[in-house]
Amino acid sequence: MTQRRNLTAVQIVYRKNRINHRLRFGIPTIEARLDWRRKLVAFAPGSVFGYIRWRANRFGTQDWRLYVLRSVESGALATVPGVMPGADILLATRGTTRTQRALGVLDMLEQGAGGLSQVTDAYWRHLHNRLAVSLAPHEFSPLQAASFAGDLT
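Nothing here was measured: the structure is a model prediction, and the numbers come from that model. (Residues numbered from 1 in each chain as written. Predicted model: local features only at pLDDT ≥ 70, side-chain atom pairs only at ≥ 80, totals over all residues. Heavy atoms only, no water.)

> Explain the environment of Leu7 to me, and be specific about the residues and the numbers.
One can find Leu7 in the segment before β1 (8-15). Spatially, the C-alpha atom of Leu7 lies 9.1 Å from that of Ile30, the residues being 23 residues apart in sequence. (Helix = DSSP H or I, 4+ residues; strand = E, 2+ residues; numbered from the N terminus.)

> Can you explain the nonpolar core? Please cite residues and give values.
Residues Leu66, Leu109, Leu116, Val119, Trp124 and Leu127 are the most contacted members of the largest nonpolar core, which totals 19 residues. At the level of secondary structure, the elements contributing two or more residues to this core comprise β6 (60-70), β8 (83-94), α1 (96-111) and α2 (121-132). Beyond its immediate sequence surroundings of up to four residues, Trp124 is in contact with Phe25, Val48, Val68, Leu90, Leu91, Leu106, Leu109, Leu116 and Val119. Grouped together as the second largest cluster of nonpolar side chains are 11 residues, Val10, Val41, Tyr51 and Val83 included. (Core = buried A, V, L, I, M, F, W, Y, C linked by side-chain atoms within 4.5 Å. Buried < 20%, exposed > 50% of the residue type's maximum accessible area, 1.4 Å probe, protein only. Contact = heavy atoms within 4.5 Å.)

> Give me the packing of aromatic side chains: which residues, what numbers.
Within the structure shown, the criterion is met by 3 aromatic pairs. With 5.0 Å between their ring centres and 55 degrees between their planes, Tyr123 and Phe140 make a pair best called tilted. Of this pair, Tyr123 sits in helix α2 while Phe140 sits in the loop between α2 and α3 (142-149), and the two are 17 residues apart along the sequence. As far as burial versus exposure is concerned, Tyr123 and Phe140 are alike and both buried. (Phe/Tyr/Trp six-rings, centres within 6.5 Å; stacked < 30°, edge-to-face > 60°.)

> Break down the pairing of strand β2 (residues 19-25) for me, with residues and values.
Across 3 bridges, the pairing between β1 and β2 is antiparallel. When the sheet's bridge partners are listed, Tyr14 is paired in β2 with Asn20. Taking the residues that link successive antiparallel strands as the turn, the β1-β2 hairpin has 3 residues, and the phi of Asn17 there is positive, at about 65 degrees. Bridge count for β2 against strand β5 (residues 48-57) is 6 bridges, and the pairing is antiparallel. Residue His21 lies in a different strand from β5, and its bridge partner there is Arg53. (Pairing = 2+ DSSP bridges.)

> Report on the side chain of Arg65, specifying residues and quantitative values.
If you trace the backbone, Arg65 turns up in strand β6. The exposure class assigned to Arg65 is buried, which follows from its relative accessible area of 17%. There is a polar contact of 3.2 Å between the side chain of Arg65 and the side chain of Tyr67. Not counting residues up to four positions away in its chain, the partners in contact with Arg65 are Tyr51, Ile52, Arg53, Pro81, Thr93, Arg94 and Thr99. (Polar contact = N/O pair within 3.5 Å; in protein donor to acceptor, adjacent residues only side chain to side chain.)

What follows is the structure in structure tokens.
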């Protein structure tokens, strides 16, 4: 059984036309509704999940971020707003253009063989670097996942 002190908690918040902090993918170990606008989810160490933070005001989108994070038991944790105590950042985008590009790639990966659960940490970092310099990422194949895991039989 997973000890609660090793979990990574993520705050989910929704306020119509103002705030939408939500999970894009990932399966939490624990889920607790705080009220009708807020929820707290927790991930076991080693879990990979996508977290979107969107904020707007009457003039439109003010901040839009996408994170792909891996929860870790201990060690070097990067701090991400809404994620406690922190996580290993595999991909981070900020701004409308980069975040939309990243979401498009996530959609393609989700439809591919195996879905997002097969994507390796190395590919997430590759995707982060390519999006940061506005270049198209290389395609991800199931063969890459198998070779990374050592399952080439």
